[in-house]
Protein chains: 2
Amino acid sequence: MRTARIPDPRVCSIDEAMRILGEKWAMVAMRELTFGVHRFDEIVFNTGAPRDILAARLRSLEEAGLLEKRAYTERPVRYEYVLSQAGLELFNVLHTIRDWGDRHVRDDPENVTKFFHDDHEFRPELTCAVCGKIVQRDSVTSGRDLHRSEIA
Amino acid sequence: MRTARIPDPRVCSIDEAMRILGEKWAMVAMRELTFGVHRFDEIVFNTGAPRDILAARLRSLEEAGLLEKRAYTERPVRYEYVLSQAGLELFNVLHTIRDWGDRHVRDDPENVTKFFHDDHEFRPELTCAVCGKIVQRDSVTSGRDLHRSEIA
């Protein structure tokens, strides 16, 4: 007979990052800011997010340190949203997810927006900054043992 | 006076991918499978996900084509979860998010698990597969005009 064990979750940044980025509309809001769209009405227009939910999400993203809200006019006071360094660096995540999504979750692959790097089509690839090589899944190992339940 | 416009959301794989990956526990379940953890009880142990929610999430991920559920014993019948090609290719997304999270959302950066690529520390970097160069945010452009609201 097997005894249920109390879970012992892996300490992992994926979990923590997804608490911020996994919230509905968070990633598409970050996409808009990354594409240079800074104003609330434009983000609504480009995402279709409900205004109240988007406002709450932008507040959460600000609290998480991914963006700042700045006044760009005084009378009437109007705000725009500007990425922090952490927000700017989400660029890699956004393009990696977009590329994966283009290849694996689209029903209409012929309708995918292309992106360009300098003068050619941009095809994202994960490399290792230390050696410069393309990274294969089985060439990466964890610095700690895989966290296995003793009963499993 | 400004007139509210009906949103016209950008067609984008980030949105579609996040409908799958943004669901709570989805990305950490994919993390476990990518790390070679295939059985339900082990995924519960390593994530802390409630069993009923995890079961529903694994079903959604199967329906989305990211994994397959396979029987590995007959009596009693027991199942394990195996990544599809789309699931295997999420590897890049997982490591890109992990790296971003390690740098930007952890309260305890000294406690971050290190990963190794071959014999050295693995530091993910986004490059372009076409030219092999490291990609900077402002060197990527969209193949379509940025989608701006006319009133914004």
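Residues numbered from 1 in each chain as written. Chains lettered and ligands numbered in written order. Predicted model: local features only at pLDDT ≥ 70, side-chain atom pairs only at ≥ 80, totals over all residues. Heavy atoms only, no water.

(A) Fine view of the sheet that holds strand E4 (residues 120-121) of chain B. Strand order in this open sheet of three strands is E6(A)-E3(B)-E4(B), and the pairing throughout is antiparallel. Edge positions in the open sheet fall to strand E6 (140-142) of chain A together with E4 of chain B, since each of these has one partner strand only. (Pairing = 2+ DSSP bridges. Helix = DSSP H or I, 4+ residues; strand = E, 2+ residues; numbered from the N terminus.)

(B) Molecular detail of helix H2 (residues 26-34) of chain A. All names here are of chain A. When you tally the buried positions in H2, you get nine out of nine residues, the bulk of the element. Regarding H2, the residues found buried are Ala26, Met27, Val28, Ala29, Met30, Arg31, Glu32, Leu33 and Thr34. Positive phi appears at Gly36, one or two residues downstream of H2, with a value of about 90°. (Buried < 20%, exposed > 50% of the residue type's maximum accessible area, 1.4 Å probe, protein only.)

(C) A look at the pattern of salt bridges. Scanning all chains against the criterion turns up 26 salt bridges over all chains. Close ionic contact of Arg103 of chain A with Asp99 of chain A constitutes a salt bridge, the shortest N to O distance being 2.9 Å. With a gap of four residues between them, Arg103 of chain A and Asp99 of chain A both fall in helix H6 (residues 91-104), about one helical turn apart. Exposure remark for Arg103 of chain A: the relative accessible area of 44% places this residue in the partly exposed category. A salt bridge links Asp41 of chain B to Arg51 of chain B; its shortest N-O distance comes to 2.8 Å. (Salt bridge = Lys/Arg side-chain N within 4 Å of Asp/Glu carboxyl O.)

(D) Expanded view of the relation of the copies chain A and chain B. Mapping chain A onto chain B calls for a rotation angle of 180° and an axial translation of 0.0 Å; the resulting RMSD is 0.0 Å. These values place the two chain copies in the arrangement generated by a two-fold rotation axis. Among all C-alpha atoms of chain A, that of Gly22 of chain A lies closest to the rotation axis, at 2.0 Å. Looking at the interface residues of chain A, 100% of them are also at the interface in chain B, so both copies use one shared face. (Least-squares fit on C-alpha atoms with pLDDT ≥ 70 in both. Contact = heavy atoms within 4.5 Å.)

(E) The arrangement of the pairing of strand E5 (residues 124-128) of chain B in detail. Of all five residues making up E5 of chain B, four are buried, and the element is well covered by its neighbours. By the bridge criterion, five bridges tie strand E5 (residues 124-128) of chain A to E5 of chain B in an arrangement that is antiparallel. Across the sheet, Pro124 of chain A pairs through a bridge with Cys128 of chain B, a residue of E5 of chain B.

(F) Local environment of unusual backbone geometry. The omega torsion of the bond from Arg75 of chain A to Pro76 of chain A falls at -5°, within 30 degrees of zero and hence cis. Its place among the elements puts Pro76 of chain A in the loop between strand E1 (67-73) and strand E2 (78-83). Phi at Trp25 of chain A takes a positive value of approximately 80°, unusual for a residue other than glycine. Tracing the backbone through its elements, the reader meets Trp25 of chain A in the loop between helix H1 (13-21) and H2. You can call Trp25 of chain A buried: its relative accessible area is 16%. The backbone of Asp118 of chain B sits at a positive phi, close to 50°, despite the residue not being glycine. Position of Asp118 of chain B relative to the elements: it lies in the loop between strand E3 (115-117) and E4. Here Asp118 of chain B falls in the partly exposed class, since its relative accessible area comes to 48%.

(G) Fine view of the environment of Ala71 of chain A. Residues and elements named next belong to chain A. Along the chain, the position of Ala71 falls in strand E1. Classification of Ala71 by relative accessible area gives partly exposed; the value is 44%. It is 36 Å that separates the C-alpha atoms of Ala71 and Trp100, two residues lying 29 residues apart in sequence. Apart from residues lying up to four places away in sequence, Ala71 is in contact with Val77, Arg78 and Tyr79.

(H) Summary view of the interface of chain A and chain B. Taken residue by residue, the interface counts 93 residues in chain A and 93 residues in chain B. Across the chain A/chain B interface, buried area totals approximately 9000 Å², and carbon plus sulfur atoms make up 61% of it. For the chain A face of the interface with chain B, the top three residues by lost area are Phe45, Trp100 and Arg137 of chain A, together amounting to 9%. Our enumeration of links across chain A and chain B arrives at six salt bridges. One salt bridge in this structure joins Arg106 of chain B and Glu16 of chain A, with 3.2 Å as the shortest N-O distance. Taken together, the links from chain A to chain B amount to 28 residue pairs in polar contact (both at pLDDT 80 or more). Here the residues of the side of chain A that touches chain B sort into 42 nonpolar, 24 polar and 27 charged. By the bridge criterion, three bridges tie strand E3 (residues 115-117) of chain A to strand E6 (residues 140-142) of chain B in an arrangement that is antiparallel. Looking at the pairing, Phe116 of chain A lines up with Thr141 of chain B of E6 of chain B. (Buried area = accessible area lost by both parts, 1.4 Å probe. Polar contact = N/O pair within 3.5 Å; in protein donor to acceptor, adjacent residues only side chain to side chain. Nonpolar A, V, L, I, M, F, W, Y, C, P; charged D, E, K, R; others polar.)

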